[in-house]
Amino acid sequence: MNQERILERSKSTKKKYLTFGLPNLATTLVMGFADFALFTLYARAYELNTFLVGIALALGKLAVALSQFFFGWISDTKYTRWGKRKPYLIVLSPILGLSFLFLLLPILIIDYTKTTALFTWLLIWDIIFNLSYGITSPYLSWMAEQFDVEERPQASQFLSIFGFLGTAAMSVFSLLILTGFDDKLKADPSRIPPEFLYSVIIFSTLPMLLFYLAAFLIKKEPYFKIESNMIKNLKNIWKNKNFLLVTVMQGICSVAFIMIGQTMLLFTEKVLKLKDMDYYIVAGLMIFGIIGAIYLWRKLIERFGKKKTLIYVFLTAIIFLPTTLIGAIPMNSYLIFGIIFILGVATCLGGWFLFPNIMYADIAEDDEKKTGELRAGIYMGFPSITLNIFQAFGLFLLGIILDLPNAGLDFSVGYLIWGPICSYILIIALLYTKWFIKIDFDWEKNLQNEK
């Protein structure tokens, strides 16, 4: 049976790109809040002991690493009348939304002033939330089956733009709605501030709404016979040396990029002293800068190929990030430098956001051409294990850096040197990428020549 003929992808329309990218708005919004604001919500507003909050959230991170691998792995092994990926989108998205609702609003069900009840509630719903977040592996692995190799940069562009809009919505919610929530709750413990309640309810409906929209509007992938099983698929990826090398490269990069993402706005507050309108200007430019950079880097991929463009992303970051040291130079106003700084960081982040989904979809298709089977789920899900380990190390390293002494400044010297440290990490990533990995394949060139 000719697998390549069966798996031929139809030409994609703008509507398909849009529909495919939309669910990423929901997943990045809910997970972004869980990553950046859930600790503060439980520790400050609900006054749960920080050690207990840390335990619950750490177990949740372990759950998400396992679930992303598991659901990607298992979704490769059975073709249903809905296809391979749609059943997971339909089943998991309501659970993701419901668990987000309960996670943020324990006050609806339990007495949040009782420590044991609150900790148990947080632990259970955070684990359920992170398990259901495993929906992202079947969803993202769909890219390899729905889009051909030339279309994937544009599909990834839509994913990245909607993902960043989700992050922006989460940031606005945290800034405007979550600020002062603890004071309002203490003033009247029996009443949930309505702006918080309605926002959480709306956000909790988005995963089901947008995933169902994608599931019903995007046609299922063509049927093809699945001859391997879960164990065989796992053994197969362990034999794919290039894939394993790429996962390590992504891990090395993630140490730097998670530090950048966590620190860039904090740097503008702590070091550049930007606040009120200046801060909003810089934050707004960050959003538009990343969206513009995503488009720019996608065009460069089409012109130069993936590997060369990725090296350009690394070089841009390596050259630009040491400018954090300029924060040590006294200025009357840091606004101009803050704008330049945030646009430079946005350019680097926008480039990096494009690559992981494209790389793993192409590696899965390369494996398909060699073996006759498309295992996009496991190729998309397996890297989550190593990625979470490297990201955890990046956050641990960032904590050490930002806890360094002031050295005569009114902030930790770590707020100046995190940029050069990230540059050193990305130099390692650049050399590793140049010497060891392959993300442009011969069959891509053959397809381009045929067209």
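Given the structure is predicted, the values throughout are model-derived calculations rather than measurements. (Residues numbered from 1 in each chain as written. Predicted model: local features only at pLDDT ≥ 70, side-chain atom pairs only at ≥ 80, totals over all residues. Heavy atoms only, no water.)

Caption draft 1: Highlighting the packing of helix H15 (residues 306-320) against helix H16 (residues 335-371). At a closest axis distance of 10 Å, the pairing of H15 and H16 adopts a crossing angle of 150°. With respect to each other, H15 and H16 are oriented roughly antiparallel. Once H15 is placed against H16, the crossing between them reads as left-handed. Listed contacts from H16 to Lys306, Thr309, Leu310, Val313, Phe314, Thr316, Ala317 and Phe320 of H15 are Ile340, Phe341, Gly344, Val345, Thr347, Cys348, Gly351, Trp352, Phe355, Ile358 and Asp362. In terms of residue class, the contact of H15 with H16 is built from 12 nonpolar, 5 polar and 2 charged. (Axes fitted to C-alpha atoms, helices over the stretch in contact; angles between N-to-C directions. Helix = DSSP H or I, 4+ residues; strand = E, 2+ residues; numbered from the N terminus. Parallel < 35°, antiparallel > 145°, perpendicular 65-115°, else oblique. Left-handed = near helix turned anticlockwise from the far one by under 90°. Contact = heavy atoms within 4.5 Å. Nonpolar A, V, L, I, M, F, W, Y, C, P; charged D, E, K, R; others polar.)

Caption draft 2: Just the side chain of Asp367, in detail. By secondary structure assignment, the location of Asp367 is in helix H16. A distance of 3.4 Å separates polar atoms of two side chains, one belonging to Asp367 and the other to Tyr379. Beyond its immediate stretch of four places on either side in the chain, Asp367 contacts Asn236, Gly372, Glu373, Arg375 and Tyr379. (Polar contact = N/O pair within 3.5 Å; in protein donor to acceptor, adjacent residues only side chain to side chain.)

Caption draft 3: The pattern of salt bridges, seen in detail. All told, the structure shown has 9 salt bridges when counted by the stated rule. The shortest N-O distance in the salt bridge between Lys84 and Glu145 comes to 3.6 Å. Of this pair, Lys84 sits in the loop between helix H5 (50-75) and helix H6 (86-104) while Glu145 sits in helix H8 (residues 136-146); the two residues are 61 residues apart in sequence, bridging distant segments of the chain. Taking the relative accessible area as the measure of exposure, Lys84 reaches 1% and is therefore buried. Its salt-bridge partner being Glu365, residue Arg152 comes within 2.3 Å of it at the nearest N-O pair. With Arg152 in helix H9 (residues 152-178) and Glu365 in helix H16, this residue pair connects regions lying 213 residues apart in the sequence. No difference in accessibility class separates Arg152 from Glu365, as the two residues are buried. Here the residues in one salt-bridge network are Arg152, Lys306, Asp362, Glu365 and Asp440, joined through shared partners. (Salt bridge = Lys/Arg side-chain N within 4 Å of Asp/Glu carboxyl O. Buried < 20%, exposed > 50% of the residue type's maximum accessible area, 1.4 Å probe, protein only.)

Caption draft 4: Representation of the packing of aromatic side chains. Following the criterion strictly, the structure yields 29 aromatic pairs and no others. Pairing Tyr42 with Tyr46 gives two aromatic rings, centres 5.2 Å apart and planes at 70°, and the pair type is edge-to-face. In terms of burial, Tyr42 and Tyr46 fall into one category: buried. By the ring-pair criterion, three or more aromatic residues cluster together here, those being Tyr17, Phe20, Tyr139, Phe147, Phe158 and Phe211. When the ring centre of Phe147 is taken as reference, the NZ or CZ atom of Lys16 above it lies at 4.9 Å. (Phe/Tyr/Trp six-rings, centres within 6.5 Å; stacked < 30°, edge-to-face > 60°. Lys NZ or Arg CZ within 6 Å of the ring centre and 35° of its normal.)

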